[in-house]
Number of protein chains: 2
Amino acid sequence: MKVNKDYYCVIMAGGIGARFWPMSRSSHPKQFIDILGTGETLIQSTFKRLTTLCPPENILIVTNGIYKDLVMSQLPEVSEEQVLCEPMRRNTAPCIAYANYKIYKQNPDASVVVAPSDHIILKEEGFIDTLDSALKAASENDWLLTLGIKPSRPDTGYGYIQYLEETVYPEDELIRKVKTFTEKPNLELAETFLESGDFLWNSGIFIWSLKSIMKSFRENLPEVDELFKKGIDVYNTPGEESFIQETYPVCKNISIDYGIMEKASNVYVRISDFGWSDLGTWGSLHDIRDKDEQGNAINGNNVMVYDTGDCIINMPADKLVVINGLKDFIVVEEEGTLLICRKSDEQQIRQIVNDVKIEKGEKYV
Amino acid sequence: MKVNKDYYCVIMAGGIGARFWPMSRSSHPKQFIDILGTGETLIQSTFKRLTTLCPPENILIVTNGIYKDLVMSQLPEVSEEQVLCEPMRRNTAPCIAYANYKIYKQNPDASVVVAPSDHIILKEEGFIDTLDSALKAASENDWLLTLGIKPSRPDTGYGYIQYLEETVYPEDELIRKVKTFTEKPNLELAETFLESGDFLWNSGIFIWSLKSIMKSFRENLPEVDELFKKGIDVYNTPGEESFIQETYPVCKNISIDYGIMEKASNVYVRISDFGWSDLGTWGSLHDIRDKDEQGNAINGNNVMVYDTGDCIINMPADKLVVINGLKDFIVVEEEGTLLICRKSDEQQIRQIVNDVKIEKGEKYV
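In this report, the structure presented in the accompanying data block is examined. In this text the structure is predicted, and so the values were computed from the model without any measurement. Sequence order sets the numbering: in each chain, residues are counted from 1 along the sequence as written. Chains and ligands are labelled by the order in which they are written, letters from A for the one and numbers from 1 for the other. Selection of residues for local features in this predicted model requires a pLDDT of at least 70, selection of side-chain atom pairs for listing and counting requires 80 or more, and totals for whole chains, interfaces and linings are taken over all residues. Note: side-chain values were computed over all heavy atoms of the structure, leaving out hydrogens and water.

Topic: the interface of chain A and chain B
Chain A puts 34 residues into the contact, and the matching count from chain B is 34 residues. As a working definition, buried area equals the accessible area (1.4 Å probe) given up by two parts on being put together, with both sides summed. When residues of chain A are sorted by the area they lose upon contact with chain B, Leu320, Asn324 and Ile340 of chain A head the list and together hold 24% of the total. Salt bridges are identified by distance alone: a Lys or Arg side-chain nitrogen within 4 Å of an Asp or Glu carboxyl oxygen. Across the chain A-chain B interface, the total number found is four salt bridges. In this structure, the salt-bridge partner of Asp307 of chain B is Arg342 of chain A, at a minimum N-O distance of 2.3 Å. Contacts described as polar in this section are N or O atom pairs within 3.5 Å, which, within protein, must combine one atom able to donate a hydrogen with one able to accept it, while residues neighboring in sequence count only if both atoms come from side chains. Summed over the shared surface of chain A and chain B, the result is 22 residue pairs in polar contact (both at pLDDT 80 or more). Helix and strand definitions here come from DSSP, where helices need a minimum of 4 consecutive H or I residues and strands a minimum of 2 consecutive E residues; each element is numbered from the N-terminal end. Of all the secondary structure elements, the ones that give two or more residues to the side of chain A that touches chain B are strand S13 (303-306), strand S15 (320-324), strand S16 (329-334), strand S17 (337-342) and helix H11 (349-360) of chain A. Per-element accounting of the side of chain A that touches chain B gives the leading share, six residues, to S17 of chain A. Taken together, the residues of the side of chain A that touches chain B sort by class into 18 nonpolar, seven polar and nine charged. Between any two strands, pairing holds if DSSP finds at least two bridges. When S17 of chain A meets strand S15 (residues 320-324) of chain B, the two strands line up parallel, connected through five bridges. The contact criterion used throughout is that any non-hydrogen atoms of two residues lie within 4.5 Å. Residues are grouped as follows: nonpolar covers Ala, Val, Leu, Ile, Met, Phe, Trp, Tyr, Cys and Pro; charged covers Asp, Glu, Lys and Arg; every other residue, Gly included, is treated as polar.

Side note on the state of the cysteines
Residue and element names in this part refer to chain A. What counts as a disulfide here is a pair of cysteine sulfur atoms lying within 2.5 Å. Applying the stated rule across the entire model yields zero disulfides over all chains. Left unpaired, Cys341 is separated from the closest cysteine sulfur, that of Cys311, by 11 Å. We classify Cys341 as buried; its relative accessible area is 0%. Each residue is assigned to one of three classes by its accessible area relative to the maximum for its type, calculated with a 1.4 Å probe on protein chains only: buried under 20%, partly exposed between the two thresholds, exposed over 50%.

So, the sheet that holds strand S12 (residues 297-299) of chain A
Sheet architecture is open: six strands sit in the order S12(A)-S14(A)-S16(A)-S17(A)-S15(B)-S13(B), paired in mixed fashion. Unpaired on one side and paired on the other, S12 of chain A together with strand S13 (303-306) of chain B mark the two borders of the sheet. For this sheet, the mean inter-axis angle between neighbouring strands, taken without regard to orientation, is 5 degrees. Judged from the six bridges that link them, S16 of chain A and S17 of chain A form a sheet pairing that is antiparallel. Across the sheet, the residue bridging to Val332 of chain A is Leu339 of chain A, located in S17 of chain A. The axes are straight lines fitted to the C-alpha atoms, using for helices just the contacting stretch, and the angles between their N-to-C directions are given from 0 to 180°. Sheet strands touched by H11 of chain A: S16 and S17 of chain A together with S13 and S15 of chain B. Its angle to S13 of chain B, the strand with the most contacts, is close to 145 degrees.

Quick notes on the relation of the copies chain A and chain B
Least-squares superposition of the copies uses the C-alpha atoms of those residues scoring a pLDDT of at least 70 in each of them. After a rotation of 179 degrees and a shift along the axis of 0.1 Å, chain A superposes on chain B with an RMSD of 0.1 Å. Overall, the copies show the geometry of a two-fold rotation axis. Most of the interface of chain A is mirrored in chain B: 100% of its interface residues are interface residues there too.

Focus: the packing of aromatic side chains
Working definition: a ring pair exists when centres of Phe, Tyr or Trp rings (six-membered ring for Trp) sit within 6.5 Å. Plane angles under 30 degrees give stacked, over 60 give edge-to-face, the rest tilted. A full pass over the atoms with the stated rule returns 34 aromatic pairs over all chains. On the numbers, 6.4 Å between centres and 45 degrees between planes, the contact of Trp201 of chain A with Trp276 of chain A is tilted. Placement of the pair is Trp201 of chain A in strand S9 (residues 199-209) and Trp276 of chain A in strand S11 (residues 276-277), with a sequence separation of 75 residues. Comparing Trp201 of chain A with Trp276 of chain A, the two get one shared label, buried. Linked through ring pairs, Tyr98, Tyr101, Phe228, Tyr235, Phe243 and Tyr248 of chain A together constitute an aromatic cluster. Should the NZ of a Lys or the CZ of an Arg lie within 6 Å of a ring centre and within 35 degrees of the ring normal, that charge is described as sitting over the ring. Positioned above the aromatic ring of Tyr268 of chain A, the side-chain terminus of Lys177 of chain A is 5.3 Å from the ring centre. Looking at Arg49 of chain B, its charged tip hangs above the ring of Phe127 of chain B, at a distance of 5.7 Å from the centre.

Structural notes on the packing of helix H6 (residues 210-220) of chain A against helix H7 (residues 222-229) of chain A
Residues and elements named next belong to chain A. Across the interface, H6 lies against H7 with an axial gap of 5 Å and an inter-helix angle of 120 degrees. Compared by their axis directions, H6 and H7 come out oblique. When H6 is examined against H7, the residues Phe217, Arg218, Glu219 and Asn220 are found in contact with a partner set consisting of Pro222, Val224 and Asp225. Tallied by class, the residues present in the contact of H6 with H7 amount to three nonpolar, one polar and three charged. In what follows, roughly perpendicular refers to angles from 65 to 115 degrees, roughly parallel to angles under 35, roughly antiparallel to angles over 145, and oblique to any angle outside these ranges.

These figures come from the coordinates and say nothing about function on their own.
Next comes the structure, spelled out in structure tokens:
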């Protein structure tokens, strides 16, 4: 693989990751955590992975202003210029519009990968090959490409993409035209999708030429495009920050999926299979982690388990922990806060975090 | 109640309390812990309770040498003379023989209460009335008295005492002659005991005149009596410590129940009911503690529970703990060690502590 100077990456790192509380906190969300115990945080792995494709200085990180220092300290090779600080959460479309103009001023011929900072990819090589092919296709065609993951189970936690039969790109038969995007389905529908064979999980990873995505913004989200276009003279100058501070509050909150992908007619998907998970739930983390014979994924050097199975146990390295008789639980301690939660109730963690915030104060969440 | 100068108490405080690990540790066993969260450790409550009966200087505490400092610091009103240090565990008979001779040298006319340091008594007044009556009976008769607790459930964790119908002491009809002592029964047998109405729980609290118990040692455990008799000149002198250091290793390991009570013919029981528990198990602690509407007994100011019932939760005062979906569990953190254990498996805690000792080292147990 050769690094291409026309390739750019935008890493979206603004999430607050309440679902992984108390490991993930609003002051220290999931993307900044070594959630797999590999020695690298998720954003570090994501960044490293993308440097195979493009020069490190071509990678932009969009995050909330409060995480700027975290980004800079975890990615010391990144300059301040590369960290795009949002003053508030406005979903993915504004963040991409902002990055588009930043890149446009550097290189109007760029091809861009937009990727979340907190996903896990087990087959790195497959991922890079996929992106390489998708970038090539995007640079040659006016296509908005997304990566669709071959589903291995009827997961109700993902959106789905249906694709058309015909091949469209001789150099990569796995690129197809998108027929429909579907929101997270119920189990019955998810099972139908899985059986039909022409549905993929929506990974939230996008590939396009800068020209194509900017054109699509002009066509599909002109009000967002207009707002960010006004800053054309200040991007990559000292005036950028105050311009963004003024622009974000008046910009609408809208996702790239809803604002562009579901409307545009030139949307394509690359059928992919590289051991992907969005790590959206403790359950998905459990699926990926190494497990003992009883199915426990344990982080911590001093954890002793008896008659305990299918648990996720994340404990401070040296804390002595003895667990007897737990099945299908999450047991996590982080910064002196302990959570013990039935895995099937993990969707309640958001509510719990809310209760904690109200009853115990901001410092705990 | 008037304090009687002929009354003495012997508090047995040598236990290592492995069952309450990690709250109770070999370096800090159960009797030295404020296990109910009342602000007093169990030995402090026991000592205080007994000062209603006898002058504080008449209370002896028998413990292992390694706990001497703990005793002195928790009971500052006690002098070194009052703390009898065993160099090793030899069960209850040697400890009582030793205390007998210490008291004998001070007051051969003493009447003595022997009581464990780590039991809980909810109805203090009833306890004192009971002891007062038993002490009076013991001082007037050559009787070895034990307190038998009216059973409220078919508990298989206690030994049982069967008593005879006839009243024997006009001033207290609840004193009866003992028919048999029974070891911990199985559930079926325990149910039969409960139905029969003439069985009591063996509390391990004894009352006798010094003369009677010393006579009984001579008759039933002469070899133990002989050993401790040899020290008659050194008790309460600087020579006592080295004498005890030499005597204990050669003394047999035997309980007062097995060595005296089950053999002697002058054994009586006082039928009692003063809210007693030996706190031998987390379950028994759970029975006694205040509980929330879901039956959780919680210590800790920052514990939040969801869909959680019948648990014992003991957490450091200010630690934030969120528990979802636990039923019938023990969750305890002490000195940075966390235990999560199904209540029905609590008899395995001894084994767990053993594993911890072997795998992680002495410092954790």
